[in-house]
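Chain by chain, the residues run as shown.
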Amino acid sequence: MKSCGVSLTTAAVAFGDEAKKMAAGKASREGEEEPLSLTVEEREALGDMDSRLFGFVRLHEDGARTKTLLGKAVRCYESLILKAEGKVESDFFCQLGHFNLLLEDYSKALSAYQRYYSLQADYWKNAAFLYGLGLVYFYYNAFHWAIKAFQDVLYVDPSFCRAKEIHLRLGLMFKVNTDYKSSLKHFQLALIDCNPCTLSSAEIQFHIAHLYETQRKYHSAKEAYEQLLQTENLPAQVKATVLQQLGWMHHNMDLVGDKATKESYAIPYLQKSLEADPNSGQSWYFLGRCYSSIGKVQDAFVSYRQSIDKSEASADTWCSIGVLYQQQNQPMDALQAYICAVQLDHGHAAAWMDLGTLYESCNQPQDAIKCYLNAARSKRCSNTSTLAARIKFLQAQLCNLPQSSLQNKTKLLPSIEEAWSLPIPAELTSRQGAMNTAQQNGSDNWNGGQSLSHHPVQQVYSLCLTPQKLQHLEQLRANRDNLNPAQKHQLEQLESQFVLMQQMRHKEVAQGLHKSQSSCLSGPNEEQPLFSTGSAQYHQATSTGIKKSNEHLTLPSNSVPQGDADSHLSSHTATSGGQQGIMFTKESKPSKNRSLVPETSRHTGDPSNGCADVKGLSNHVHQLIADAVSSPNHGDSPNLLIADNPQLSALLIGKANGNVGTGTCDKVNNIHPAVHTKTDHSVASSPSSAISTATPSPKSTEQRSINSVTSLNSPHSGLHTVNGEGLGNSQSSTKVDLPLVSHRSTSQIIPSMSVSICPSSTEVLKACRNPGKNGLSNSCILLDKCPPPRPPTSPYPPLPKDKLNPPTPSIYLENKRDAFFPPLHQFCTNPKNPVTVIRGLAGALKLDLGLFSTKTLVEANNEHIVEVRTQLLQPADENWDPTGTKKIWRCESNRSHTTIAKYAQYQASSFQESLREENEKRTQHKDHSDNESTSSENSGRRRKGPFKTIKFGTNIDLSDNKKWKLQLHELTKLPAFARVVSAGNLLSHVGHTILGMNTVQLYMKVPGSRTPGHQENNNFCSVNINIGPGDCEWFVVPEDYWGVLNDFCEKNNLNFLMSSWWPNLEDLYEANVPVYRFIQRPGDLVWINAGTVHWVQAVGWCNNIAWNVGPLTACQYKLAVERYEWNKLKSVKSPVPMVHLSWNMARNIKVSDPKLFEMIKYCLLKILKQCQTLREALVAAGKEVIWHGRTNDEPAHYCSICEVEVFNLLFVTNESNTQKTYIVHCQDCARKTSRSLENFVVLEQYKIEDLIQVYDQFTLVSD
Ligand SMILES: [Zn+2]
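Just so it is clear, the structure is predicted and the values come from calculations on it, not from any experiment.

A. Looking closely at the overall build of the chain. A tally of helices and strands in the chain yields 55 helices and 20 strands. Accessible area for the chain stands at about 51,100 Å²; split by element, carbon and sulfur atoms hold 52% of it.

This is the structure:
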């Protein structure tokens, strides 16, 4: 952004004078030595410095001078701001933020940016600011907000010079957030960009390969890793890491066959990795695991010892050593190794489990129970129920034994209490000493010298709340309403301290997340110890108890461990965290007098040590490459942090879940608009937020409540409305204002209708040609940048709870005349009816639904392709994780393909099977009807599952008019507004096929088949007819609540647009989101209005047909354009090319609705301006624009890299132009691969004069 740079230079100049004056005054008054002023040269140098330099100023090498200058500038600015009592231009704060950012003083950068944000209403125009803000958020691992800031940068300035850095960081953050599709897209966008960024392309490629691995796409990962190894001059560190990953992958995964073969691949990879980096304790550890798995005990020991010598001793390594000893029948040594493991990491579930098994094998069940209890308490224990069963079993056993038999027995091993206090062998203590030192220094060996930023220790110190303070805080919070001013002040202080402390946790959590991934792969015990205790089931518990989920710190957006497909499932369990890591305090009552707490704190350090650990974080992405592959050997700092402070733990767990944690967090950090809009409707804490959270018109909510009650009967027809509004009175539906513009922050995309936006095209183009001249017309101001779109906030005031289950607008049709009665169309498209069920439509129109029955489909095209989604058969309206332990939003399903014939077979056999099961149940029920205890026990069980898998045949393409002639012809019997093709359907004006939108799709279902939550592509309306024979159940949420659902998705680490999610109805109820719920019977047509969110499940066996429709209304057009922009912000392709469509509309459609007309006209004008500006810029730069024209039915074009729509000027690679394959790029992507476009030709599809003519001839018609 040039403008920003200019204004800041000006600011700096102005400031220089000010500062001189001020400094002079100060010097004369106080006789101070150093005048605080900047020389002209310094000001010039500073004028060029902003966030874009981040990562590119070598502060630590030749940049020492720069650092001094920046430091001086910061002091100057600060003193001036102080002097002016903060009343300086907002740009000062922005610049100060930049300087602090470049000095890596993140907290000061954040507060300066915060001030700028609150002062500058159009802060969003300042890309350098947004970028700096994103970097600061990234540093604090506040990924949710960093993502928003970065996406805003790309939206307001797609050609931003650090776009590559942004894509890289977005890729990393989405990877951590388990949004792998988005992650891959951004990594690829970073990779094609030839500009510099802070990672080499080898490193980016590594991340892509690792992304595949994370998704368990091992073959793709292996391929990508191996390809990377072919790279010339591959940096040693990258090479070592790649080889390490390859080795570990071969050891862990079923890539190559049996165990011996696996290790024969894995071991050489790890050895080569150690050649490239001999100091990697991680590789040594992995190597040890490989040797151990093939029984090379001696080699394994040697490797483990090496690993420890490389100062990466960790609980995992010790745990593995324990396993090895146990295998060698050396229980005492095993015991000591396990004790080392759990002393290093109190929450190490696997080590506790192993220790428990060890005790069991030595016939010491009491000790075993204690260990299992500790394991169960760990957050990382994923199989608590199995463990609980085992504990119960042992306890029962103990009860049955005479007390004496236990006491008299000579113990093979010391009790756990004794073991805990045994002197630890020297080799271990020295190692642990080193560990403690490492923690205190906050250094991370793996990263070597790469971590650059260190907060001063004392700053961190002050952020730690003592237990007493926390208790005090709790008391104050509890009495919030009855505090005197002093207490209130105290509360505020404590809360902000608490929030800061939480932010540090936040950082750690996110850092820990990277670790959790690899720890899933590399848990010490997944190759099962061979000793004989415990059941197979129990071993399974051991093997899964190794996940390091850090979610107990409960931060909203990124608390889900990545990597393991199951991990998102386990991570949400809010098990009894908090005590984890605290041992023996209650159960065991150590027989000796000494307390064990000192032992504990020896490893965890006091809170200040734990906090000190935080400071080692750096904002350099190198950190992430390390973390991404880092080992379980990394200290698990979040656990260490809270391990010895139960009150703190409890507070974190208890409160962070509720509103206190996140709420106060926002309070401190809510400098991003999205945060405001999300958290608070009524309080506007900054001028700009007041704009973005403008309260909705009271009218819209009133109308909503009326909506569900009103029942209109049309006097002159057999139509019978049950719920809903607008039918039978066409006036009522046109009179009502669309509640579109008033209450949504996205409304700026299309400006308010009161402003005239229809100047003649020549005026606009004239203005475009002379951009520097004064007196620009209004239109050009209007055509200035749009703020990034935002999801709407939850409608205010919230609906009362008894309005959250509104009746569904339904219409009963009796005959054909009813179906063609015009108000029916108006009823359906009335924005106040999010959904309409038209009952009995097939009957009224005498539609032959049999044409879509499975039997007929098989007869017609049995080999036709069916996309299959393999899903879990879920109970009722709920969505549980695969283990059935908790309800979740995520509902991923595997995709595959089959044919109609094969799916038909499946559908039929599923039906028969269910009949058989039904019969069996009936007989069973007869047999056990008197045994009530069994059934009540079953129903009382909280745990669900395991779930049956089912197959859903989806997205079957019926577009081929030859193959599906009869079927498609039958659908022409529908009234025009619901037809696949009609003059009043915007999608018929696109001019080409958009599969599934302006063509018919078929769905073949068995009970439980689920279509996850979504809005239709570009918010178009949809038509869905149930063919039967079974029913479908629908869940529908009005369009204006999509922002709330988007928030829920983000909270659950889901991508609202791309992921599969099934809303938890309890969550929606809590958030006052109304849900329409109804059954769609065979022959019923469901009309989903523009933007309505919905999800569907099959109740019985049935087929459905569906397609999209775009009614010619202002509401539809507006929502489509808004989604088009939102998609752009989110880097998601818009299936409807709205630019192309808008021009077609101007050519083909007569518009009489002034609102719709103005919106279209505005969009055309904007595009016209863009085309003109771009064309002139190209010509001015000497780039030839080659006339290409277009054929009549030529589809709209999309950029082959970033998938935005490309209109008129197509950037085509020279090569593909010669070959006439025409691979299209947008300008920005073209420039990323070829800065001066030398590899591209620019093809022009429309003459500007023609576009001008279309624009001018498009006028409002009166009806
Ligand atoms: Zn592009």
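There is more to say after this.
B. Spatial organisation of the sheet that holds strand 10 (residues 1032-1037). Spatially, 4 strands are ordered 8-13-10-11 in an open sheet, and the strand pairing comes out antiparallel. Edge strands, defined here as strands with exactly one partner in the open sheet, are strand 8 (1010-1014) and strand 11 (1076-1080). Recorded for the sheet is a direction-independent mean angle of 15° between the axes of neighbouring strands. Taken together, the 6 bridges between strand 10 and strand 13 (residues 1093-1098) define a ladder with antiparallel strand orientation.

C. Quick peek at unusual backbone geometry. Between Tyr-796 and the following residue, Pro-797, the backbone shows a cis peptide bond with an omega angle of -5°. Cis rather than trans, the peptide bond between Gly-1028 and Pro-1029 has omega equal to 5°. Non-glycine residue Glu-104 carries a positive phi angle of around 60°. Overall, Glu-104 belongs to the buried group, its relative accessible area being 13%.

D. Quick look at the coordination of the zinc ion. For the zinc ion, the protein coordination sphere consists of Cys-1199 (SG), Cys-1202 (SG), Cys-1226 (SG) and Cys-1229 (SG), at 2.2 to 2.3 Å. For the zinc ion, the 4 donor atoms are set out with angles of 103 to 115° between them, so the coordination reads as tetrahedral. Counting gaps between the donor residues of the zinc ion yields the pattern C-x2-C-x23-C-x2-C. Of the residues examined, Cys-1202 reaches a relative accessible area of 16% and is grouped as buried.

E. Up close: the sheet that holds strand 15 (residues 1185-1187). Within the open sheet, the 4 strands sit side by side as 15-20-18-19. Their pairing is mixed. Unpaired on one side and paired on the other, strand 15 and strand 19 (1224-1225) mark the two borders of the sheet. One ladder, built from 5 bridges, connects strand 18 (residues 1209-1213) with strand 20 (residues 1240-1244); its direction is antiparallel. In the sheet register, Thr-1213 faces strand 20, and the bridge partner there is Phe-1240. Along the sheet, helix 52 (residues 1154-1180) contacts strand 15, strand 18 and strand 20; its crossing angle with strand 18, the most-contacted strand, is approximately 45°.

F. How the structure looks around helix 44 (residues 854-861). Taken together, the buried positions of helix 44 are occupied by Thr-854, Leu-857 and Asn-861. Relative to the axis of helix 44, the buried residues are bounded by an arc of 65° and lie together on one face. The exposed residues of helix 44 that point more than 90 degrees off its buried face are Lys-855 and Glu-859.

G. Spotlight on the pairing of strand 3 (residues 835-839). Burial analysis of strand 3 places 5 of its 5 residues in the buried class, which makes it a mostly covered element. Side chains Val-835, Val-837 and Arg-839 project from strand 3 onto one buried face, and the interleaved Thr-836 and Ile-838 project onto a second face that is buried too. The pairing of strand 2 (residues 810-812) with strand 3 spans 3 bridges and is classified as parallel. Within the sheet, the bridge partner assigned to Ser-810 lies in strand 3 and is Val-837. Here 4 bridges tie strand 3 to strand 12 (residues 1085-1088), and the two strands are oriented antiparallel to one another.

H. Expanded view of the confidence of the model for the chain. Overall, the predicted model of the chain reaches an average pLDDT of 74, with 66% of residues at or above 70. The model gives residues 1-33 a pLDDT under 50, and that stretch makes 39 contacts with residues more than four places away or in other chains. Here residues 426-467 scores under 50 on pLDDT; set against residues more than four positions off or in separate chains, the count is 89 contacts.

I. Focus on the pattern of salt bridges. Per the counting criterion, the structure on display carries 25 salt bridges. The salt bridge involving Glu-867 is made with Arg-869; its shortest N-O contact spans 3.2 Å. Residue class for Arg-869 comes out partly exposed when judged on its relative accessible area of 23%. Ionic contacts of the salt-bridge type, sharing partners, join the residues Glu-867, Arg-869 and Arg-895 into one network.

J. Spatial organisation of the nonpolar core. Formed by 111 residues in total, the largest nonpolar core has its most connected members in Phe-129, Phe-150, Val-1037, Leu-1045 and Leu-1068. Considering each element in turn, this core owes the most residues, 10 residues, to helix 6 (residues 127-139). The residues touching Phe-150, leaving out its near neighbours within four places in the chain, are Tyr-131, Gly-134, Leu-135, Phe-138, Ile-166, Arg-169, Leu-170 and Met-173. Counting residues in hydrophobic clusters, the runner-up holds 54 residues, among them Leu-274, Ile-308, Leu-387 and Ala-419.

K. View of the side chain of Asp-367. Tracing the backbone shows Asp-367 in helix 19 (residues 365-377). Setting aside chain neighbours within four positions, we find Asp-367 in contact with Tyr-359, Lys-411, Ser-415, Ile-416 and Glu-417.

L. Representation of the state of the cysteines in the model. Enumeration over the complete set of coordinates arrives at 0 disulfides. Unpaired in terms of disulfides, Cys-1115 finds its nearest cysteine sulfur in Cys-1021, a separation of 7.5 Å. The exposure class assigned to Cys-1115 is buried, which follows from its relative accessible area of 8%.

M. Spotlight on the packing of helix 10 (residues 201-214) against helix 11 (residues 218-229). Two numbers describe how helix 10 lies on helix 11: the axes approach to 7 Å, and their chain directions differ by 160°. Of the possible angle classes, the one that applies to helix 10 and helix 11 is roughly antiparallel. Viewed along their axes, helix 10 and helix 11 form a crossing whose handedness is left-handed. The residues of helix 11 that touch helix 10, namely those facing Ala-202, Gln-205, Phe-206, Ala-209, His-210, Tyr-212 and Glu-213, are Tyr-218, Ser-220, Ala-221, Ala-224, Tyr-225 and Leu-228. Its residues assigned to classes, the contact of helix 10 with helix 11 comprises 9 nonpolar, 3 polar and 1 charged.

N. Structural context of helix 19. Spanning 13 residues, helix 19 covers 18 Å between terminal C-alpha atoms, matching the ideal 18 Å at 1.5 Å per step. Counted residue by residue, helix 19 has 10 buried out of 13 residues, so it is predominantly covered.

O. Quick peek at the pairing of strand 7 (residues 1001-1005). When you tally the buried positions in strand 7, you get 5 out of 5 residues, the bulk of the element. Alternating residues of strand 7 divide into Gln-1001, Tyr-1003 and Lys-1005 and Leu-1002 and Met-1004, and every residue in both groups is buried. As paired strands, strand 7 and strand 14 (residues 1102-1109) are joined by 5 bridges and run antiparallel to one another. The residue of strand 14 that forms the bridge with Met-1004 is Asn-1103.

P. Representation of the packing of helix 6 against helix 7 (residues 143-156) in the model. Close contact between helix 6 and helix 7 brings their axes to 8 Å; oriented N to C, the two are set at 160°. Looking at the two axes, helix 6 sits roughly antiparallel to helix 7. As for the relative orientation of helix 6 and helix 7, their crossing is left-handed in sense. Contact residues: Ala-127, Leu-130, Tyr-131, Gly-134, Leu-135, Tyr-137 and Phe-138 in helix 6; Phe-143, Trp-145, Ala-146, Ala-149, Phe-150, Asp-152, Val-153 and Val-156 in helix 7. Tallied by class, the residues present in the contact of helix 6 with helix 7 amount to 13 nonpolar, 1 polar and 1 charged.

Q. Region of interest: the environment of Leu-130. Within the secondary structure layout, Leu-130 lies in helix 6. Residues Leu-130 and Phe-150, 20 residues apart in the sequence, show an inter-C-alpha distance of 6.8 Å. Beyond its immediate sequence surroundings of up to four residues, Leu-130 is in contact with Tyr-123, Trp-124, Ala-149, Asp-152, Val-153 and Val-156.

Conventions and cut-offs
- The residue numbering used here restarts from 1 in each chain and proceeds along that chain's sequence as written.
- Only residues with pLDDT of 70 or above have their local features reported here, since the model is predicted, and side-chain atom pairs are shown and tallied only from 80 upward, although totals for entire chains, interfaces and linings are computed over all residues.
- Computation of side-chain values covers all heavy atoms of the structure but excludes hydrogens and water.
- Helix and strand definitions here come from DSSP, where helices need a minimum of 4 consecutive H or I residues and strands a minimum of 2 consecutive E residues; each element is numbered from the N-terminal end.
- With residues, only the protein chains shown are counted as cover, and all accessible areas are computed by Shrake-Rupley using a 1.4 Å probe.
- Pairs of strands are assigned from DSSP output, requiring at least two bridges between the strands.
- To obtain an axis, a line is fitted to C-alpha atoms, over the contacting stretch when the element is a helix, and the angle between two such axes runs from 0 to 180 degrees between their N-to-C directions.
- Each residue gets one of three labels from its accessible area relative to the maximum for its type: buried under 20%, exposed over 50%, partly exposed in between, using a 1.4 Å probe on protein chains only.
- For Na, K and Ca the donor cut-off is 3.2 Å; for every other metal, N, O and S atoms count as donors within 2.8 Å. Water does not enter the count, which can leave sites looking incomplete.
- Any coordination sphere not matching a tetrahedral pattern (four donors, all angles between 85 and 135 degrees) or a square planar or octahedral pattern (four or six donors, opposite donors over 155 degrees apart, other angles between 65 and 115) is reported as irregular.
- Residue contacts are defined here by distance: any two heavy atoms, one from each residue, within 4.5 Å place the two residues in contact.
- The directions considered for the arc are those from the helix axis to the C-beta atoms.
- By definition, pLDDT measures how confident the predictor is in each residue, and it falls between 0 and 100.
- Basic side-chain nitrogens of Lys or Arg form a salt bridge, by our definition, when they fall within 4 Å of a carboxyl oxygen of Asp or Glu.
- Residues belong to one nonpolar core when they are buried, are Ala, Val, Leu, Ile, Met, Phe, Trp, Tyr or Cys, and are joined through side-chain atoms within 4.5 Å.
- Disulfide: a pair of cysteine sulfur atoms within 2.5 Å of each other.
- Throughout this description, any angle smaller than 35 degrees is read as roughly parallel, any larger than 145 degrees as roughly antiparallel, any in the 65 to 115 degree range as roughly perpendicular, and the remainder as oblique.
- By convention the crossing between two helices is left-handed if the near helix lies anticlockwise of the far one by an angle smaller than a right angle, and right-handed if it lies clockwise.
- Side-chain classes are defined by residue name, with Ala, Val, Leu, Ile, Met, Phe, Trp, Tyr, Cys and Pro counting as nonpolar, Asp, Glu, Lys and Arg as charged, and the others, Gly among them, as polar.
- Given the number of residues in a helix, its expected span is that number minus one, multiplied by 1.5 Å.

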